[in-house]
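Here is what each chain is made of, one letter per residue.
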Amino acid sequence: MLSELLQGIESGGFLIIRDSCSYSGRDLLKSFITAALNREEVIHILCFDVSEEELKDGLKPSDTKRLHIHNAYSDPLGWTGHPNFTVQQFSLEDLTNLVKQTSQPKPAVLVIDSLSWILRHKTPPAVCQTLQQLRKGGAVRAVIGLLHTDMHQRGTVGSICHLATSLISVAPGVKGKEAVARVTKRSKSGKVMQDEEIFCITEDFSVTILSKPSHAEHKTNSTEEEQADPTANLTFNLRLSDSELEAKQKLTLPFVFSKEKKTALLHPGPGSGRILYEPDANDDYDQEDPDDDLD
Amino acid sequence: MFSELNSILNISPDSFTRGEFILVSDRQSDASFLIHHFLSFYLRARCKVCFLGLVQSFCHYSAVSQRLGVSLTQAKEKGQLVFFEGLKECLSVLTPKENNVESEAMNFLRDPTVGLRSLYEFVRSSVIGSGSLEEGAEQWGPSVLLVDDLSVLLSLGVDVGAVLDFSHYCRALVCSQMQGNMVMLVRCNGEEDDDDDGDVVSEVLLKGLTHQCNLSLHVQGLPTGYCKDIHGQMEVCWKTRQGDTPHLQKNLFQYKVYDKGASFFARGTSSAVL
């Protein structure tokens, strides 16, 4: 499903890449940008988190004619007095003007790096409203956003992700360069499809899907580990010879209640002690009738 | 300057990566020895250092740096070091006297909602420096910003968002624009998985800064408890792309702090054990 998403997002679609501290989703975001550039689409990027150079690093220079990066990294709050793009400009009118400025015939794809920055300065309802208006508006064909899930409360993350038509959550994989992606896709008919894939990103930002992370794989690994012999490679001997094994199995443990012991206890043989009991009047003490004079 | 740490990070006063944001963090431990290391390292590398010392006095840093072989007083006189003594400056805000010029940088003490813009303006003025160079003034290397530490700003009532904005702007100025380096210390008190309201704010700050940084040094106590010979463990996490492939590399070391330095070694190879 990850490769389907890379091949194209449907019109009016909203894709969110969710990452965390342990694995950055920016490389996957760059893969989406590269794939869209290869499809001859026009892309506008709102760059808050990292500098323009860092974002362009690795993208092929020939495609940058259709790539418009709006630098919101150097002054997003207007502290220097002449900002390029501030976070307050994240609204329907300003963004529509920004996209229309480049006067391209086709509606563009808007990439936001990252939504977390905007969520820190604008309330979640305002951000959700703007995103929804952008999707329906028509100036922008599709929206792709990067969200750092560990920087917000679960409710905020949930609200934003509820708007999305596709969600990709990335996490580090078992081996070095691999990562695990959990993809959720909501189609217009209301059907929700989920999938989990292991992928790795190459130098030119193309994504290689490696395999499905089967839980069976994990199980075979653990049984292999269990079969590793702990008695090997020791300086002392922990193994048993055949005669020692036999003697061990014959041994009855002292407090185990085996069949022989049970019969011995239930049927005492001759010579074992016998208990003779004659009820004594003093033994018949009734707590409710201590003087034994009630009826 | 700890030579073992230099070899771990693959840097030396003559050659280090520029434009890097190094995040030093600790959890229920004290990572300030790393701040002293970076201070002496960058002074030795002849960089122009701007140091925001918010938690200790100048004499404290000066005394420790003396043991590491660097004189802060001399560096300040030569103009290599701009030292912002937070403790003294906040007194001038809280108890203003007539002939005392109130420093604008700490005006968030009066009103925490104002944010850290004035502190950023102070950093900007000291990093960019005066326009004209005096005759005979020495040429220093790339600018470096050191902050010790950011969590105390949270205790003073500043909002997490404001601190993250401050570090974002400092990074945009020092790392991207001036191609210098930045080292910031963040401290956390609670356990990582705690969901209490107690320390959520510093966790959010730590996570936000971890997303922004290039290199993260996380100091913690040993998970097995107190040990006389090993003072703790340090996790080094590189985020830079090595050889054009996106790569996240983590390494765990144990350390012991001495009088005049610290030694770092792989797990289980402490001199007390071997």
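Note: the structure precedes this text.
Residues numbered from 1 in each chain as written. Chains lettered and ligands numbered in written order. Predicted model: local features only at pLDDT ≥ 70, side-chain atom pairs only at ≥ 80, totals over all residues. Heavy atoms only, no water.

A. Geometry of the packing of helix α6 (residues 124–137) of chain A against helix α7 (residues 154–163) of chain A. All names here are of chain A. Their axes nearest at 10 Å, the elements α6 and α7 cross at an angle of 10°. Between α6 and α7, the crossing angle belongs to the class labelled roughly parallel. Where α6 approaches α7, its residues P124, V127, C128, L131, Q132 and R135 are matched on the opposing element by T156, S159, I160 and L163. Per-class residue counts for the contact of α6 with α7 are six nonpolar, three polar and one charged. (Axes fitted to C-alpha atoms, helices over the stretch in contact; angles between N-to-C directions. Helix = DSSP H or I, 4+ residues; strand = E, 2+ residues; numbered from the N terminus. Parallel < 35°, antiparallel > 145°, perpendicular 65-115°, else oblique. Contact = heavy atoms within 4.5 Å. Nonpolar A, V, L, I, M, F, W, Y, C, P; charged D, E, K, R; others polar.)

B. Local environment of the interface of chain B and chain A. Each partner contributes to the interface: chain B provides 25 residues, whereas chain A provides 31 residues. Between chain B and chain A, the buried area comes to about 2400 Å², and carbon and sulfur atoms account for 57% of it. Linking chain B with chain A are two salt bridges. The salt bridge involving E54 of chain A is made with R171 of chain B; its shortest N-O contact spans 3.4 Å. (Buried area = accessible area lost by both parts, 1.4 Å probe. Salt bridge = Lys/Arg side-chain N within 4 Å of Asp/Glu carboxyl O.)

C. Inspection of the sheet that holds strand β4 (residues 108–113) of chain A at higher detail. All names here are of chain A. Read across the sheet, nine strands follow the order β3-β2-β4-β5-β1-β6-β7-β8-β9 without closing on themselves; strand pairing throughout is mixed. Strand pairing shows two members of the sheet lacking a second neighbour, β3 (67–71) and β9 (207–211), which therefore form its edges. If you compare each strand with its neighbour and ignore which way they point, the axes differ by 25° on average. Contacts from α7 reach β1 (14–19), β5 (140–148), β6 (166–172) and β7 (179–186) within the one sheet, and its direction differs from that of β1 by about 145°. (Pairing = 2+ DSSP bridges.)

D. Region of interest: the sheet that holds strand β5 (residues 181–188) of chain B. Residue and element names in this part refer to chain B. Spatial ordering of the open sheet is given by β3-β2-β4-β5-β1-β6-β7-β8-β9, a layout of nine strands whose pairing is mixed. The sheet is open, and its two borders are formed by β3 (81–85) and β9 (262–266), each paired with just one other strand. Adjacent strand axes in the sheet meet at a mean angle of 20°, parallel and antiparallel pairs treated alike. In this structure, strand β4 (residues 143–148) lies alongside β5, joined through four bridges in parallel fashion. In the sheet register, V144 faces β5, and the bridge partner there is N181. Strands in contact with helix α2 (residues 32–44) are β1 (21–27), β2 (48–53), β3, β4, β5, β6 (215–220), β7 (232–238), β8 (249–257) and β9; relative to β5, the strand with the most contacts, it is inclined by about 170°. Running at roughly 160° to β5, helix α8 (residues 160–177) makes contact with β1, β2, β4 and β5 of the sheet.

E. Molecular detail of the environment of L150 of chain B. Residues and elements named next belong to chain B. Note that L150 resides in the loop between β4 and α7 (151–155). Classification of L150 by relative accessible area gives buried; the value is 0%. Placed 104 residues apart in sequence, L150 and R46 show a C-alpha to C-alpha distance of 25 Å. (Buried < 20%, exposed > 50% of the residue type's maximum accessible area, 1.4 Å probe, protein only.)

F. Region of the structure containing the packing of aromatic side chains. This structure, assessed with the given rule, holds 19 aromatic pairs over all chains. Pairing F84 of chain B with F122 of chain B gives two aromatic rings, centres 4.8 Å apart and planes at 55°, and the pair type is tilted. Linking F84 of chain B in strand β3 with F122 of chain B in helix α6 (residues 117–128), this pair joins segments that are 38 residues apart in sequence. Using a relative accessible area of 2% as the deciding quantity, one classes F84 of chain B as buried. On the basis of relative accessible area, F122 of chain B is assigned to the partly exposed category, the value being 23%. Site record: aromatic cluster; members linked through ring pairs are F2, F33, Y255 and F264 of chain B. R120 of chain A extends its terminal NZ or CZ atom over the ring of W117 of chain A, reaching a point 4.8 Å from the ring centre. One cation-aromatic arrangement involves K76 of chain B over F58 of chain B; the distance from NZ or CZ to the ring centre is 4.3 Å. (Phe/Tyr/Trp six-rings, centres within 6.5 Å; stacked < 30°, edge-to-face > 60°. Lys NZ or Arg CZ within 6 Å of the ring centre and 35° of its normal.)

G. Broad picture of the environment of V70 of chain B. Residue and element names in this part refer to chain B. Following the sequence through the fold, V70 ends up in the loop between α3 (58–67) and α4 (72–78). A C-alpha to C-alpha distance of 19 Å links V70 and N181, two positions 111 residues apart in sequence. Leave out the neighbours within four places in its chain, and V70 touches S40, L43, R44 and S65.

H. Representation of the pairing of β6 of chain B. Residue and element names in this part refer to chain B. Counted residue by residue, β6 has five buried out of six residues, so it is predominantly covered. Two elements, β1 and β6, share six bridges in a ladder whose sense is parallel. From the neighbouring strand, D26 faces β6, where its bridge partner is V219. Relative to β7, β6 is paired through six bridges, and the arrangement is antiparallel.

I. Main features of the state of the cysteines. Under the counting rule described, the total for this entry stands at zero disulfides over all chains. Of the cysteine sulfurs around C21 of chain A, a residue in no disulfide, the closest is that of C213 of chain B, at 8.3 Å. Sulfur of C50 of chain B: no disulfide; nearest cysteine sulfur belongs to C170 of chain B and is 8.4 Å away. (Disulfide = S-S within 2.5 Å.)

J. Representation of the environment of R135 of chain A. Residue and element names in this part refer to chain A. Position of R135 among the secondary structure elements: in helix α6. Note on R135: relative accessible area 18%, which makes it buried. In contact with R135, not counting residues within four places along its chain, are G12, G13, F14, L163 and T165.

K. Looking closely at the pairing of β1 of chain A. All names here are of chain A. With five of six residues buried, β1 lies mostly within the body of the structure. Bridge count between β1 and β5: six bridges; the pairing is parallel. Looking across to β5, one finds that I16 is bridged to G145.

L. The arrangement of helix α2 (residues 26–38) of chain A in detail. Residues and elements named next belong to chain A. Under the 1.5 Å per step criterion, the end-to-end length of α2 is 18 Å for 13 residues, consistent within 8% with the ideal 18 Å. By the criterion of burial, α2 is predominantly enclosed, with 12 of the 13 residues buried. Taken residue by residue, α2 has R26, D27, L28, L29, K30, S31, F32, I33, T34, A35, A36 and L37 as its buried positions. The positive-phi residue at the C-terminal boundary of α2 is E40, with phi of around 65°. (Expected span 1.5 Å × (residues − 1).)

M. Fine view of a nonpolar patch on the surface. Where nonpolar side chains cluster on the molecular surface, the patch consists of L234, F236 and L238 of chain A and spans about 290 Å² of accessible area. Tracing the chain through its elements places L238 of chain A in the loop between α8 (215–227) and α9 (242–250). (Patch = residues over 30% accessible without salt bridge, like charges linked within 9 Å, V, L, I, M, F, W, Y side chains within 5 Å. Areas by Shrake-Rupley, 256 points an atom, 1.4 Å probe, with all protein chains shown as cover.)

N. Region of interest: empty space enclosed by the protein. For the structure on display, the rule yields two cavities of 30 Å³ or more. A volume near 120 Å³ is recorded for the largest cavity. Sorting the residues of the lining of the largest cavity by element identifies α5 (115–121) of chain A together with α8 and α9 (200–212) of chain B as the ones contributing at least two each. Across the lining of the largest cavity, the residue classes break down as four nonpolar, six polar and four charged. Counted as a void, the second largest cavity has a volume near 30 Å³. If you go around the second largest cavity, the residues you meet are I9, F32, A36, R39, E41, V109, R141, A142 and I144 of chain A. Listing elements by their share of the lining of the second largest cavity, those giving two or more residues are α2 and β5 of chain A. It is β5 of chain A that provides the largest number of residues to the lining of the second largest cavity, a total of three residues. Residues belonging to the lining of the second largest cavity are distributed by class as follows: six nonpolar, no polar and three charged. (1 Å grid on protein atoms, 1.4 Å probe; cavity = no way out; pocket = protein on both sides within 12 Å on 5 of 7 lines; lining within 4 Å. Points joined across faces, edges and corners; volume = space filled by probe spheres on them.)

Worth remembering: the numbers are spatial, not functional.
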